[in-house]
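In case you want the letters, here they are:
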Amino acid sequence: MEVNPLSIILVKSDSKGDRLLFRYPFQTQENNEPSSTKRKNPYTLPIVEDLLQSLSQSSSNMNKGNLAGFTDEVLSSLFAVKAELSNRKFELKVNDVRFVGHPTLLPLRKKKEQPQQDDSGIMLINIVFALQALASHSVVKCYHDLSKRMGIALKHEEKRCGYISDQTQTMTSAHDDGYTSPGSAFQIILEKCTLAMNIKKMYDDLCSTGLVSIRINKWIPLSFCLPQKVHQWHLRGKIVEPEDIDKCLKALRPYHSLLLLYPAQHMNDFTSLDGSPSLIRLLSNYSPLKNLQTLAADAELTLAHVFELTAHLVYWAKATIIFPICSTNKYVISPTAPIHLNSPLVEKFNETFSGLNLARVISDFSLPTSLGQRCNPLCHPSQQSQLVQTIIWMLQHHLLLQLHTYIQYLPTENGLHKDYKKKQLKSPSPRNSVILSNQPSASEHSRAESESGASTISETPEFTLKNFNSEHLSFISTDDDKQDYQEELLLDFSDEERSSVFKIPATNNPEDLQLFAKLCRKEYFQGNHHIEEIMYLENLRRSQLLQLLDKFRDVLITYETEDPAIAMFSCSST
Amino acid sequence: MNSEEYIKHRFEGSGKEGPIRCIFFCEFHHTAGPIISCQVPENYISKELFDSISVYIITKAELQRSTITVTLTDYKILGFPVRIDDNKYARNAYHFNLCFVCDSDARTVHYEPVVMKLSDYLIAMEVESCFLSRGKILDKLPPILREVLEELNTKGECALTEGPTATHLKVCQIRSDPTPVYDHQVPVFIKELPPQQWDLTTQQVTPYIDGFNHVARIALLSDVENNLVKACVQNLVYYCVVALVPLFQYGNIYCTTPKLKLLAQDAELQTKCLEYVARSQRQPPTLRDVFRFFASMTRGTTIRDLCIRHNPVNLRINERKLVQFGVLEGIIRRIQKYPVLLNAEADSIDLQKSLTGGASLDEICCSTGVSSLHLEDQLEKDHNVVLLCK
């Protein structure tokens, strides 16, 4: 795994010079196989040294996932940076190993016993992580963050009780006692020093789960999450970058819902660590059937805060985001679902739902299937609840993908009108502008702005929109007015568009046309909004919307696909 | 630019390749210590900055001949410290390092071989004619460095013919290894084959790459051994000349992806698409028909069904090209069927082994030589087998 650290190294530098105090792991299994196995052929001719062809033997500083080829002195001279480079990110790549750290300058605490002697004042501490050079930039950034936080904690502990002076003292004396075998001094240090134990714990945690939870000097808790690693347990083989999570969270809407990956009871250790009472409140009201808005109302929290808590839970791989489970949701098998006979999931599923076979159950979702279709009115309520439970289980394991219906408005044979297209590129999509606010006025407003910007189409766009925002009672009138209101309604559409829209018989019905024009104007038909979102934002019923789509099917084309915002966890193609 | 791309750009600033900002040459002076003897452009790296990082540039003996990259707040400095041992030097050895400077958020891995080669060139010049140590550096080296800097930034390659030896430098892009090629995949050209002397296999294979022949068939037609064809196709994939798509059959099922909306928005993609899928160039199909065809691809609907429903001949659409375009652009995605045998009892032993859910119907058909229609019929009759579409 390229996100695992190869080694963690602690280096200090003060008035007495620089020194490598500790590194973990230090037990390098010294197997000198390469030199012994590479037997020299006695018949080869010695190659005459040719400077031009002196291809350096592919230099690698890794050996079976461990750092190799550096002596402690070299490492300490590299990491004891000059004062100019301290208190900022330190990144150094040597051959195929990348070192990252945050050298921290800390004022040493004067000891009370010997105030006159200890005037050295400042020490530089650098906790360096050795990574594979392949590690991505975001991984490096996370490790830098960890090193920085460690530095801050150590600085504080030094100020509070001289922790670093003590620890470095013990470590230095262990080195000075002169042990012959290379690892033994480190072994002694590991037994004696709590800082060394912390480093060992940190290394082990990073390599196993990616969740670090240590207590520095048994006092300052330090918890850290390496997202690229921690999401491995539920998404094997897929590296989740922090920016993927950011992207997902930016697309979070009040109608989405939280799906915990653990049973809520198992979250206790996580919440005690966090200590936020609102998180506990949120979890006690949690249900995968509720959307975030309902959850916020039930837990008596603001929606923005619920979003933050959701973000936190997703980042720490405790939860994922879904569309709330309801009977109209259509599910299919996720393209990356690892289902085969030898998959551990099959057994896990069998343990949870005895008597059921995962392959059999999931095969029902080979075709898009909704919960409503699967439930037949004759079946027992317990069967129905089991069905919901299996769907939740499969969603937790990212085996299912939800399909949404998107709508594309194509008024003419050649697609959208040219001006329309231009305008669309300029104006911000309402989806972006209506993230947190669910008042439709916001999107209308943005639309109005874009309109006045591109005023080539209509002469009085403001006027139309004003009419529009007010009640439309005036339009429902006698037949001779019909032509007028039609014209008026679609005033900002191009001639070509208008003529093709008016071929549709449903335009004779003012209510239909009015709804169509309204939704069209808000750019809901650009493939950025699925039906459920439009229903939510416009407070429409599904049947209303489906009827409209059917009536205007000549210009509105529907297609089914996943919501790209929340599909990142179950679909690799995003 | 859609939001997805924007985020990618913002966050992957590290991944982008930036130009070389500066090249400097530094050496270990026997009295003054590490100094920059020459840099192009002048004074790009200040003396104070250099002093703070000189330990990574003129290094200890253990780090000789290692590529060392230091990332600072503003710069990234890539060097390759070397040493020439000889009694004629003041300290019996001559240390020097030729460094490239880039922006701190740029990728520099692809410059590493160039730095190493350039250093070796300088070593050769020094050994031959004391080019560096005789104190004439300031006359001769800056023009060379300037040439390297300019040519690498503009052309990506540079030929140096100064002195008795010549050397050629080229920046090679580092790409990830291509995935293995399978029998049932179909190679499609995504750009013209660059006109150059390709190897014999490639010359023999490429005429049969027409976007419809799968790898096993190409091997048969071109009379080239199957594995050689795979290696050849893999090589072409690596150079982004060819892309692999799943085999086209009328019984195939495809589904739309969120990228379909781009077809309605992106005018460039539209023209490209209409040109690609047209039956004849004189009468291209209309966008709405093409879009509707794509939009109706859902799980459970085969291309055969869609052809009956839409009649692509009347719409002037070439459905095979349409599917190919959709797959290449990521507008649609093939839905593969994975048969899983639930309880192994009867049936032929050979077939059973492949019914674990790990192999798709395409793979099984290709390896057993059974037609997919026949196999699917057979599997659907069997109640112990479930077909998972994903």
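Residues numbered from 1 in each chain as written. Chains lettered and ligands numbered in written order. Predicted model: local features only at pLDDT ≥ 70, side-chain atom pairs only at ≥ 80, totals over all residues. Heavy atoms only, no water.

(A) A look at the overall build of chain B. Counting secondary structure elements, chain B contains 15 helices and 14 strands. Computed over its C-alpha atoms, the radius of gyration of chain B comes to 30 Å, more than 25% above the 21 Å expected for a compact globule of 390 residues. For chain B, the spread of C-alpha atoms along the principal axes amounts to about 90 × 50 × 40 Å. Per-residue burial over chain B gives 50% buried out of 390 residues. When contacts within chain B are restricted to residue pairs at least 6 apart in sequence, long-range pairs at least 24 apart make up 63% of them. With the model as given, the accessible surface of chain B reaches about 18,800 Å², and the carbon-plus-sulfur share is 49%. Side chains of chain B give 42 positive and 47 negative charges; the mean places of these two sets differ by 4 Å. (Helix = DSSP H or I, 4+ residues; strand = E, 2+ residues; numbered from the N terminus. Rg over C-alpha atoms; globule rule 2.2 N^0.38 Å. Buried < 20%, exposed > 50% of the residue type's maximum accessible area, 1.4 Å probe, protein only. Contact = heavy atoms within 4.5 Å. Areas by Shrake-Rupley, 256 points an atom, 1.4 Å probe, with all protein chains shown as cover. Lys, Arg positive; Asp, Glu negative; His and termini not counted. Charge placed at Lys NZ, Arg CZ, Asp CG, Glu CD.)

(B) How the structure looks around the interface of chain A and chain B. At the interface, 68 residues of chain A touch 61 residues of chain B. Across the chain A/chain B interface, buried area totals approximately 5,700 Å², and carbon plus sulfur atoms make up 58% of it. In this assembly, chain A and chain B are joined by one salt bridge. The closest approach of N and O atoms between K93(A) and E112(B), which form a salt bridge, is 2.3 Å. One can count 20 residue pairs in polar contact (both at pLDDT 80 or more) joining chain A with chain B. At six residues, strand β17 (residues 556-562) of chain A tops the list of elements feeding residues into the side of chain A that touches chain B. In terms of residue class, the side of chain A that touches chain B is made up of 29 nonpolar, 23 polar and 16 charged. As paired strands, strand β5 (residues 90-94) of chain A and strand β3 (residues 68-71) of chain B are joined by four bridges and run antiparallel to one another. By the bridge assignment, K93(A) is partnered in β3(B) with T69(B). (Buried area = accessible area lost by both parts, 1.4 Å probe. Salt bridge = Lys/Arg side-chain N within 4 Å of Asp/Glu carboxyl O. Polar contact = N/O pair within 3.5 Å; in protein donor to acceptor, adjacent residues only side chain to side chain. Nonpolar A, V, L, I, M, F, W, Y, C, P; charged D, E, K, R; others polar. Pairing = 2+ DSSP bridges.)

(C) Geometry of the pattern of salt bridges. Residues and elements named next belong to chain B. On inspection of all chains with the given rule, the structure shows 29 salt bridges over all chains. The closest approach of N and O atoms between K155 and E151, which form a salt bridge, is 3.7 Å. Here K155 falls in the exposed class, since its relative accessible area comes to 57%. Put simply, K272 and E329 hold a salt bridge, and the shortest N to O gap is 2.9 Å. Of the two residues, K272 sits in helix α9 (residues 267-277) while E329 sits in helix α12 (residues 319-329), which places them 57 residues apart along the sequence. The class for K272 is partly exposed, based on a relative accessible area of 47%.

(D) Main features of the side chain of N126(A). All names here are of chain A. Tracing the chain through its elements places N126 in strand β8 (residues 122-132). Looking at N126, its side chain comes within polar contact range of the main-chain oxygen of F79, at 3.0 Å. Other than its neighbours up to four places away in sequence, N126 contacts I9, L10, V11, F79, F90, G101, H102 and P103.

(E) Representation of the pairing of strand β1 (residues 20-29) of chain B in the model. All names here are of chain B. Summarising burial for β1: seven of the 10 residues are buried, a large majority. One ladder, built from seven bridges, connects β1 with strand β6 (residues 93-103); its direction is antiparallel. Bridging across to β6, I20 finds its partner in C102. Sheet topology note: the β1/strand β2 (residues 33-40) ladder contains seven bridges and is antiparallel. Paired with E27 across the strands is I35, a residue of β2. Linking β1 to β2, which pair antiparallel, is a turn of three residues.

(F) Representation of the pairing of β6(B) within the structure. Residue and element names in this part refer to chain B. Most of β6 sits out of view: 11 of its 11 residues are buried. Note: strand β4 (residues 75-79) against β6, four bridges, orientation antiparallel. In the sheet register, Y75 faces β6, and the bridge partner there is D103. Pairing of strand β5 (residues 82-85) with β6 involves four bridges; the strand directions are antiparallel. Opposite V82, over in β6, you have F96 as the bridge partner.

(G) Spotlight on the UniProt feature "domain: GATOR1 complex protein NPRL3 C-terminal HTH" (unreviewed entry) in chain A. Look at the UniProt record and you will see "domain: GATOR1 complex protein NPRL3 C-terminal HTH" (unreviewed entry) annotated at residues 495-557 of chain A. Note that residues 495-557 of chain A is 60% helix and 11% strand, and that its end C-alpha atoms are spaced 21 Å apart. (UniProt positions renumbered as here; feature names shortened; annotations may be inferred.)

(H) The arrangement of the nonpolar core in detail. In this structure, F22(A), F99(A), F129(A), F24(B) and Y56(B) are the most contacted members of the largest nonpolar core, which totals 82 residues. Among residues more than four places away in sequence, those in contact with F99(A) are I9(A), L67(A), F70(A), L75(A), F79(A), F90(A), E91(A), L92(A), V94(A), V128(A), F129(A) and A130(A). In this structure, L235(A), V361(A), L387(A) and L400(A) belong to the second largest nonpolar core, which totals 66 residues. (Core = buried A, V, L, I, M, F, W, Y, C linked by side-chain atoms within 4.5 Å.)

(I) Summary view of the packing of α9(B) against α12(B). All names here are of chain B. Running from amino to carboxyl end, α9 crosses α12 at an angle of 145°, the nearest separation of the two axes being 8 Å. Like other packed secondary-structure pairs, α9 and α12 cross with a definite hand, here right-handed. Here L269, K272, C273, Y276 and V277 of α9 come into contact with α12, specifically with K321, L322, Q324, F325, L328 and E329. Considered class by class, the residues forming the contact of α9 with α12 number seven nonpolar, one polar and three charged. (Axes fitted to C-alpha atoms, helices over the stretch in contact; angles between N-to-C directions. Left-handed = near helix turned anticlockwise from the far one by under 90°.)

(J) Fine view of the environment of C255(B). All names here are of chain B. Structurally, C255 can be placed in strand β11 (residues 253-256). On the accessibility criterion, C255 (2% relative accessible area) is buried. Sequence separation between C255 and T298 is 43 residues, and the spatial gap between their C-alpha atoms is 4.6 Å. Each residue touching C255, except ones within four places of it in the same chain, is listed here: M297, R299, I331, I332, R333 and I335.

(K) Molecular detail of helix α4 (residues 137-154) of chain B. All names here are of chain B. Between its first and last C-alpha atoms α4 spans 25 Å; for 18 residues at 1.5 Å apiece the expected length is 26 Å, and the two agree. The set of residues buried in α4 consists of I137, L141, P142, I144, L145, V148, L149 and L152. Close packing links the buried residues of α4 with β1, β2, β6, α3 (112-129), β7 (157-160) and β8 (167-170). Just downstream of α4 lies G156, where phi reads positive at about 80°. (Expected span 1.5 Å × (residues − 1).)

(L) Main features of the packing of aromatic side chains. This structure, assessed with the given rule, holds 30 aromatic pairs over all chains. An angle of 65° between the planes, with centres 5.8 Å apart, marks the rings of F70(A) and F99(A) as edge-to-face. You can see F70(A) sitting in the loop between β4 (66-67) and α2 (72-79) and its partner F99(A) sitting in strand β6 (residues 97-101), a full 29 residues away along the chain. Judged by relative accessible area, F99(A) falls into the buried class, the value being 0%. An angle of 55° between the planes, with centres 5.4 Å apart, marks the rings of Y44(B) and Y75(B) as tilted. A residue pair is termed long-range when its members are at least 10 positions apart, and Y44(B) in the loop between β2 and α2 (47-53) and Y75(B) in strand β4 qualify at 31 residues. (Phe/Tyr/Trp six-rings, centres within 6.5 Å; stacked < 30°, edge-to-face > 60°.)

(M) View of the domain arrangement of chain A. Residue and element names in this part refer to chain A. Taken domain by domain, chain A consists of domain 1 (7-33 + 46-109 + 122-199), domain 2 (242-326), domain 3 (330-406) and domain 4 (411-554). A straight line from the C-alpha centre of domain 2 to that of domain 3 covers 23 Å. A buried area of about 760 Å², summed over both sides, lies between domain 2 and domain 3, and 73% of it is on carbon and sulfur atoms. In terms of surface lost to domain 3, no three residues of domain 2 exceed L259, F323 and I325, which account for 53% of the buried area on that side. Inspection of the domain 2/domain 3 interface yields zero salt bridges. At the surface where domain 2 touches domain 3, the tally comes to one residue pair in polar contact (both at pLDDT 80 or more). Among the elements of the structure, β11 (257-260) and β12 (319-322) are those that each provide at least two residues to the side of domain 2 that touches domain 3. Of the residues contributing to the side of domain 2 that touches domain 3, the split by class is eight nonpolar, one polar and no charged. (Domains from an automatic or database assignment.)

(N) Expanded view of the environment of D512(A). Residue and element names in this part refer to chain A. Relative to the elements of secondary structure, D512 occurs in helix α23 (residues 510-521). For D512, a relative accessible area of 12% translates into the label buried. Expressed as a C-alpha distance, the spacing of D512 and K551, which sit 39 residues apart in the sequence, is 8.6 Å. Those residues in contact with D512, other than ones at most four positions away along the chain, are A506, L548, K551 and F552.

(O) Expanded view of the domain arrangement of chain B. If you check the domain split of chain B, you get domain 1 (18-170), domain 2 (186-245), domain 3 (253-335) and domain 4 (337-389). Put simply, the middle of domain 1 of chain B and the middle of domain 2 of chain B, counted by C-alpha atoms, are 42 Å apart.

(P) Inspection of the side chain of H256(A) at higher detail. Residue and element names in this part refer to chain A. Relative to the helices and strands, H256 resides in the loop between α8 (242-250) and β11. H256 sits in the buried class, given a relative accessible area of 0%. Other than its neighbours up to four places away in sequence, H256 contacts A251, N291, L292, I321, I322, F323, P324, D563 and I566.

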